[in-house]
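# Report on the structure
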Amino acid sequence: MRTQVAIIGAGPAGLLLGQLLHKHGIDNVILERQTADYVLGRIRAGVIEQGTMGLLDEAGVGARMHHDGLVHDGVFLCVDGKRHHVSFKDMTGKAVMVYGQTEITKDLMDGRAAAGARTIYSAHDVALHDIFSNAPRVTYNVEGETGEIVCDYIAGCDGFHGVSRQSVPPDSLKTFERIYPFGWLGILSETPPVADELIYVRHPSGFALCSMRSHTRSRYYIQCSLDDHVDAWPDERFWEALKPRLDDEARANLVTGPSIEKSIAPLRSFVAEPMRFGRLFLAGDAAHIVPPTGAKGLNLAASDVQYLWRALLEHYKDKSDAGLDHYSERALARVWKAERFSWWMTTTLHRISDNPFDHKLQLAELDYLFRSKAAQTAFAENYVGLPY
Ligand code: RFL
Ligand code: PHB
């Protein structure tokens, strides 16, 4: 099989890139290790930046998001039982959208199916060949049959554990990493949210987050230890751990109910440099990971895709490789700022140690934020998403 761009991974990065390229006449094939249902079953991101919304619109799949998504003009930060508000609208004139990654993925998959673009699911043993040549290839296996795709470029959109980053010569890659000594235990429940905007909670017992998917569906997270297991967290125990961390109003509004999903996620910061190796371009979690506290992972995947699809368009339509040559540098400049913000949110809001000095610093950091318009502007600018 021959295509212009072979895309590894049908997560948000791969599907969005595929859709944008297809819309502009650039042929592409997506290879995904899992089934479509498996990909849709993963509960992940919930908050999208305006830039991401714009890209989904540009890809022609934004209609359901505008209809069902919830526009949030600000966010609450609750510190030791007292809730404070930061207005994105007042500070930046912008807002974010609460719309689940599951829904975005579904919209992208539906858009791709309607466009008749090719996606090969359950593709095993995906291997990248000749990435430094002018004719890179990807081989794979579906139900015992081996396939080969010859292409101009490969987009590695296969997440943190994917094969793309692992296929580059180790000495051409530099990695930067921080693993946090705690995780997030998350539950999804068919209950109304405690407030009309998200509440990020800093509490001596640990971090908590009250988020949502709709007016009737809530998503909650609490900080847990790395050796915790979901089986040790029946719903009742989760609600009992969450309640004392909330402010009085949120606690009074909390409607508990059976969880419909429960999972534990470790927290990690990771960046691989560069993001280009010959004809292979990494995008999204394949190149970088942020802890979820800043709600940046999916949005960074989208901004990588923005740089990459425009660069590929420039190559095919304008015969210029300037965008491709600058891709890694441009993407990484934005990635590192999101890494910084996500690290700041994580270290400021979690119980990071037993050292009272650390707690005092967190409180000073937050007190400054609530009193300073400049600090709130900086916070809001980062949360709604820095410009591309
Ligand atoms: P994905 O979504 O991991 O997709 C990669 C795809 O590649 C496939 N794959 C392979 N395919 C073929 N061959 C191989 N060898 C392959 N290896 C892997 C995988 O099956 C998969 O389908 O990466 P992508 O597209 O870069 O998207 C990244 C986002 O999914 C991720 O950054 C976000 O979910 C992070 N995140 C959040 N981001 C936000 O912007 N806002 C949020 O509010 C937010 N909340 C979160 C989050 C992540 C979380 N977890 C579980 C880590 C909340 C949580 C709890
Ligand atoms: C979510 O709703 O899943 C969510 C929201 C905000 C975050 C992380 C996750 O920072």
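Quick caveat, the model's predicted, so the values are computed rather than measured.

Moving on, we get to the nonpolar core. Of all hydrophobic cores here, the largest spans 69 residues; its most connected members are Leu-16, Leu-17, Leu-31 and Ile-48. The biggest single contributor to this core is helix 9 (residues 297-318), with 12 residues. Excluding its chain neighbours within four sequence positions, the residues that come into contact with Leu-16 are Leu-55, Leu-56, Ala-59, Leu-108, Ala-302 and Val-305. Residues Leu-70, Val-86, Leu-349 and Phe-379 belong to the second largest nonpolar core, which totals 33 residues.

Read across the sheet, 8 strands follow the order 6-5-14-15-16-13-17-20 without closing on themselves; strand pairing throughout is mixed. A single partner strand is all that each edge strand has here, and the edge strands are strand 6 (82-87) and strand 20 (288-289). Here 3 bridges tie strand 14 (residues 199-202) to strand 15 (residues 208-212), and the two strands are oriented antiparallel to one another. Along strand 15, the bridge assignment pairs Val-201 with Ala-208.

Let's shift gears to the sheet that holds strand 9 (residues 124-129). Here 3 strands make up an open sheet; going across it, the order is 9-10-11 and the pairing antiparallel. Strands at the two margins of the open sheet, each flanked by one partner only, are strand 9 and strand 11 (145-150). Averaged over all pairs of adjacent strands, the angle between their axes in this sheet comes to 15°, without regard to strand direction.

Our next topic: the side chain of Thr-347. Counting through the fold element by element, Thr-347 comes out in helix 10 (residues 322-349). Judged by its relative accessible area of 18%, Thr-347 is buried. Within the local environment of Thr-347, its side chain forms a polar contact with the backbone oxygen of Trp-343, the two atoms lying 2.8 Å apart. When near neighbours in sequence (up to four residues on either side) are disregarded, Thr-347 contacts Tyr-180, Ile-352 and Gln-362.

A word on unusual backbone geometry. Cis rather than trans, the peptide bond between Glu-273 and Pro-274 has omega equal to -10°. Looking at the secondary structure, you find Pro-274 in the loop between strand 17 (259-273) and strand 18 (276-277). Positive phi, close to 45°, is recorded for Asp-80, a residue that is not glycine. For Asp-80, a relative accessible area of 36% gives the class partly exposed.

It is worth spelling out the layout of surface pockets at this point. Empty space among the atoms can be located by rolling a probe the size of a water molecule over them. Its volume calculated, the second largest pocket comes out at about 270 Å³. Looking at the lining of the second largest pocket, the elements with two or more residues in it are helix 6 (101-115) and strand 17. When grouped by side-chain class, the residues that make up the lining of the second largest pocket number 4 nonpolar, 3 polar and 5 charged. In this structure, the lining of the second largest pocket is formed jointly by two domains, domain 1 (5-70 + 99-177 + 268-346) and domain 2 (180-267 + 350-384), each of which donates at least three residues.

Assigned domains of the chain: these are domain 1 (5-70 + 99-177 + 268-346) and domain 2 (180-267 + 350-384). One C-alpha centre belongs to domain 1, the other to domain 2, and the line joining them spans 29 Å. Counting from both sides, the interface comprises 24 residues of domain 1 and, opposite them, 24 residues of domain 2. Counting each side, the surface lost to burial between domain 1 and domain 2 is near 1,900 Å², with a carbon and sulfur contribution of 64%. Here domain 1 is connected to domain 2 by 0 salt bridges. Scanning the region where domain 1 abuts domain 2 turns up 6 residue pairs in polar contact (both at pLDDT 80 or more). For the side of domain 1 that touches domain 2, the secondary-structure elements that each account for two or more residues are strand 17 and helix 10. No other element matches the 7 residues that helix 10 contributes to the side of domain 1 that touches domain 2. Considered class by class, the residues forming the side of domain 1 that touches domain 2 number 11 nonpolar, 7 polar and 6 charged.

What counts as what
Residues numbered from 1 in each chain as written. Chains lettered and ligands numbered in written order. Predicted model: local features only at pLDDT ≥ 70, side-chain atom pairs only at ≥ 80, totals over all residues. Heavy atoms only, no water. Core = buried A, V, L, I, M, F, W, Y, C linked by side-chain atoms within 4.5 Å. Buried < 20%, exposed > 50% of the residue type's maximum accessible area, 1.4 Å probe, protein only. Helix = DSSP H or I, 4+ residues; strand = E, 2+ residues; numbered from the N terminus. Contact = heavy atoms within 4.5 Å. Pairing = 2+ DSSP bridges. Axes fitted to C-alpha atoms, helices over the stretch in contact; angles between N-to-C directions. Polar contact = N/O pair within 3.5 Å; in protein donor to acceptor, adjacent residues only side chain to side chain. 1 Å grid on protein atoms, 1.4 Å probe; cavity = no way out; pocket = protein on both sides within 12 Å on 5 of 7 lines; lining within 4 Å. Points joined across faces, edges and corners; volume = space filled by probe spheres on them. Nonpolar A, V, L, I, M, F, W, Y, C, P; charged D, E, K, R; others polar. Domains from an automatic or database assignment. Buried area = accessible area lost by both parts, 1.4 Å probe. Salt bridge = Lys/Arg side-chain N within 4 Å of Asp/Glu carboxyl O.

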